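These are the residues of each chain, in order.
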Amino acid sequence: MKTDAQLKKDVEAELEWEPAVEAAHIGVAVKDGVVTLTGHLETFAEKYVAERAVRRVAGVRAIAEEIDVKLARGHVRSDSDIAQAIEGAFSWHTLIPADRIQVKVEQGWVTLTGEVNWDYQRRVAEQTVRPITGVRDVTNSITLKTTSTPSNIVERIEQALSRQAEREAKAIEVTVNGTTATLRGHVHSWAERHAAQGAAFSAPGITSVLNELTVAG
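Residues numbered from 1 in each chain as written. Predicted model: local features only at pLDDT ≥ 70, side-chain atom pairs only at ≥ 80, totals over all residues. Heavy atoms only, no water.

**Q** An account of helix H5 (residues 153-164) is requested, with residue identities and associated values reported.
**A** With 12 residues, H5 ought to run about 16 Å at 1.5 Å a step, and its terminal C-alpha atoms sit 17 Å apart, in line with that. Along H5, the residues classified as buried are Ile-153, Ile-157, Ala-160 and Leu-161. All buried residues of H5 lie within an arc of 100° about the axis, which places them on one face of the element. (Helix = DSSP H or I, 4+ residues; strand = E, 2+ residues; numbered from the N terminus. Expected span 1.5 Å × (residues − 1). Buried < 20%, exposed > 50% of the residue type's maximum accessible area, 1.4 Å probe, protein only. Arc of directions from axis to C-beta.)

What follows is the structure, given as structure tokens:
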């Protein structure tokens, strides 16, 4: 098990290793495996990449992200320009049902609403918005269309988890109530926790996932 000092050193090294991030602009603090990031970055995309880099580091149990986005002068765009850029990007993306997603932009903060069939569609929509010039933050309020769940849905989710990560799957308990799947137990990394959630969201009829998995210290 890493000490907080060791984990802090590893997080800082990973941020330095990530070419899309100005690591010098990010402060790192660690307590009991919880990493707190502070500082100011020039784009929302860079902020997201920084968080993703921290998630890759073994031993990270949770992330408190307190980074502010202060757009560089060349990145400032009007809300209408940002909205038009997003709608254009959606219209060219084959995985996004653009006609079912509404976009609102207020002072660079993008809110996505609407209803889609699958979690990957709303995730791709958010991923497409992040690198748009002028975006300061994103709120993804897209919901999933409710459909019936198969009677063997728990078994199918467990099988999916086993295919993707046999070692971790043995420590994950899956329960389903209506269209909500709940994951309990422990995994060995933040990335594994996220992957388990994605596997559950891929199950037919599941519209929400309560991820109560803990990351082993």
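**Q** Got a sec to walk through the packing of helix H3 (residues 79-91) against helix H4 (residues 119-129)? Specific residues and values, please.
**A** Where H3 contacts H4, the two axes come as close as 10 Å, and the packing angle between them is 130°. When the axis of H3 is compared with that of H4, the two are oblique. The handedness of the crossing between H3 and H4 is right-handed. For the pair H3 and H4, the contacting residues are Ile-86, Ala-89 and Phe-90 in the first and Ala-125, Thr-128 and Val-129 in the second. When its residues are assigned to classes, the contact of H3 with H4 shows 5 nonpolar, 1 polar and no charged. (Axes fitted to C-alpha atoms, helices over the stretch in contact; angles between N-to-C directions. Parallel < 35°, antiparallel > 145°, perpendicular 65-115°, else oblique. Left-handed = near helix turned anticlockwise from the far one by under 90°. Contact = heavy atoms within 4.5 Å. Nonpolar A, V, L, I, M, F, W, Y, C, P; charged D, E, K, R; others polar.)

**Q** I'd love a proper account of the packing of helix H1 (residues 4-17) against helix H2 (residues 44-55), names of residues and values included.
**A** At their nearest, the axes of H1 and H2 sit 9 Å apart, and the two run at 135° to each other. Taken together, the axes of H1 and H2 lie oblique to each other. Where H1 crosses over H2, the handedness of that crossing is right-handed. For the pair formed by H1 and H2, the contact residues are Val-11, Glu-14 and Leu-15 on the first element and Ala-50, Ala-53 and Val-54 on the second. Counted by class, the contact of H1 with H2 contains 5 nonpolar, no polar and 1 charged residues.

**Q** Can you break down the pattern of salt bridges residue by residue, with the values?
**A** Per the stated rule, a full pass over the model turns up 12 salt bridges. Two residues, Asp-10 and Lys-2, come together in a salt bridge whose shortest N-O distance is 2.6 Å. Since its relative accessible area comes to 30%, Asp-10 is described here as partly exposed. For Asp-137, the salt bridge goes to Lys-47, with nearest N and O atoms at 3.8 Å. With Asp-137 in strand S6 (residues 137-140) and Lys-47 in helix H2, this pair connects stretches of sequence that are 90 residues apart. Considered together, Asp-137 and Lys-47 belong to a single accessibility category, that of buried residues. Through salt bridges with shared partners, one network takes in Glu-14, Glu-18 and Arg-56. (Salt bridge = Lys/Arg side-chain N within 4 Å of Asp/Glu carboxyl O.)

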